[in-house]
Amino acid sequence: MSRPFPSAWRPVAAVLACLLLAACSRSTLYTDLEEQQANQVMAALLAAGVAAEKAPAASKKGWEVQVEKADFSYAMQVLDANGLPGSARVTLCDVFRKEGFASSALEERARYKCGQQQEIEATLMRIDGVVDARVHVAIPEDDPLGRNPREASASVVIYELPGYELRNRETDVKVLVVDGIEYLNDPNRVSVKFFTRAVPPAGAREQQMPVAMSSFSPVALVVLALMALAGGLVAMRKRLPLPRRAPAAPEAPSWKDE
């Protein structure tokens, strides 16, 4: 016959169950990220006060970033405001990498244009305040008769953080694009549009949901567990019957010479 579970240990069991749930309460934000992408996500979350962890992805194809379930919604707002994780950039060498023996003229032209776009986007992304950038280049086909000179055009979309006022640098952006794209010689053939990303308001994290067990630090959880264990031991000690003292043995009569 099994012995009933002592009621004094029930608080300890409850705390241990909470600790087990806390250990399993992390959610994966993104997975299969490149290490640079994962580092950028980690930096943005830690700067916003979100406890995040980076670990190898379960698919073993990259990295994944995890946060507490209580911080999941706020973490997604932070990453969306910062345009993270950014898409993987393709360099000009990657674009021109051939998989077969020969390529058509259309494929070579598409690779060349894609490479130019990617290089300009990567340069724009290094400007302070730029969250994301997209560049679309239009290069007309070569006229065999030479009657119409090839004159390219470009469209640039920049997503910026509040307060940077990158619109004042529109001329610099146009010059950068003109100098980086072949057959593009007129800055007036470059259109630049700016959009400001929304940033989560101050205190948004506190309004998401009440503090959960998972939001405590590991040290605090260990201390709480030790306190609960000590409380259970004290309660058990009070419930245990005290050992009875053995009756004192009667003293042997002493005989004295009268």
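All of the points below concern the structure found in this document. (Residues numbered from 1 in each chain as written. Predicted model: local features only at pLDDT ≥ 70, side-chain atom pairs only at ≥ 80, totals over all residues. Heavy atoms only, no water.)

Our next topic: the side chain of Glu160. Tracing the backbone shows Glu160 in strand β5 (residues 153-160). For Glu160, a relative accessible area of 2% gives the class buried. A polar side-chain atom of Glu160 sits 2.4 Å from a polar atom in the side chain of Arg167. Apart from residues no more than four positions distant in its own chain, Glu160 is found in contact with Gly129, Val131, Glu165, Leu166, Arg167, Phe194, Phe195, Thr196 and Arg197. (Helix = DSSP H or I, 4+ residues; strand = E, 2+ residues; numbered from the N terminus. Buried < 20%, exposed > 50% of the residue type's maximum accessible area, 1.4 Å probe, protein only. Polar contact = N/O pair within 3.5 Å; in protein donor to acceptor, adjacent residues only side chain to side chain. Contact = heavy atoms within 4.5 Å.)

Right, let's get into the pattern of salt bridges. Side chains that differ in sign of charge can pair as their charged atoms come close. The full count for this structure, using the stated rule, is six salt bridges. For Glu35, the salt bridge identified is with Lys54, shortest N-O distance 3.8 Å. With a gap of 19 residues between them, Glu35 in helix α2 (residues 35-47) and Lys54 in strand β2 (residues 52-56) connect regions that are remote in the sequence. For Glu35, a relative accessible area of 42% gives the class partly exposed. With a relative accessible area of 29%, Lys54 lands in the partly exposed category. Across the pair Asp172 and Arg169 runs a salt bridge whose closest N-O atoms are separated by 3.8 Å. Exposure remark for Asp172: the relative accessible area of 46% places this residue in the partly exposed category. (Salt bridge = Lys/Arg side-chain N within 4 Å of Asp/Glu carboxyl O.)

Further remarks concern the sheet that holds β5. Strand order in the open sheet formed by three strands is β4-β5-β6, and the pairing between neighbours is mixed. With one partner strand each, in any of the chains shown, β4 (130-138) and β6 (190-196) form the two edges of the open sheet. Put simply, the sheet's adjacent strands are angled 10° from each other on average, direction ignored. Summarising the sheet, β4 and β5 pair through eight bridges and their orientation is antiparallel. (Pairing = 2+ DSSP bridges. Axes fitted to C-alpha atoms, helices over the stretch in contact; angles between N-to-C directions.)

Turning to the nonpolar core, a few remarks are in order. With 20 residues, the main nonpolar core has Val156, Ile158, Val177, Leu184 and Val190 as its most contacted residues. Listed by contribution, the elements that provide at least two residues to this core are α5 (105-124), β4, β5, α6 (170-180) and β6. In terms of residue count, the dominant contributor to this core is β4 (four residues). (Core = buried A, V, L, I, M, F, W, Y, C linked by side-chain atoms within 4.5 Å.)

Quick look at the environment of Leu161 now. Relative to the elements of secondary structure, Leu161 occurs in the loop between β5 and α6. For the pair formed by Leu161 and Val130, sequence separation is 31 residues and the distance between their alpha carbons is 6.5 Å.

Looking now at the pairing of strand β3 (residues 63-68). Judged by how many residues are buried, β3 sits mostly within the fold: five of six residues are covered. In this structure, strand β1 (residues 26-33) lies alongside β3, joined through five bridges in antiparallel fashion. Paired with Leu33 across the two strands is Trp63, which belongs to β3. Strand direction decides the pairing type here: β2 and β3, joined by five bridges, are antiparallel.

Attention now goes to the environment of Val192. Tracing the backbone shows Val192 in strand β6. Classification of Val192 by relative accessible area gives buried; the value is 8%. Once residues lying within four places of it in the same chain are set aside, the contact partners of Val192 are Val156, Ile158, Glu170, Val173 and Lys174.

Quick look at the sheet that holds β1 now. Here we have three strands laid out as an open sheet, ordered β1-β3-β2, and antiparallel in their pairing. Strand pairing shows two members of the sheet lacking a second neighbour, β1 and β2, which therefore form its edges. Across the sheet, the mean angle separating the axes of adjacent strands is 25° when strand polarity is ignored. The strands touched by α2 are β1, β2 and β3; relative to β2, the strand with the most contacts, the crossing angle is about 165°. Set on the sheet, helix α3 (residues 72-81) makes contact with β1 and β3; between it and β1 the angle comes to about 35°.

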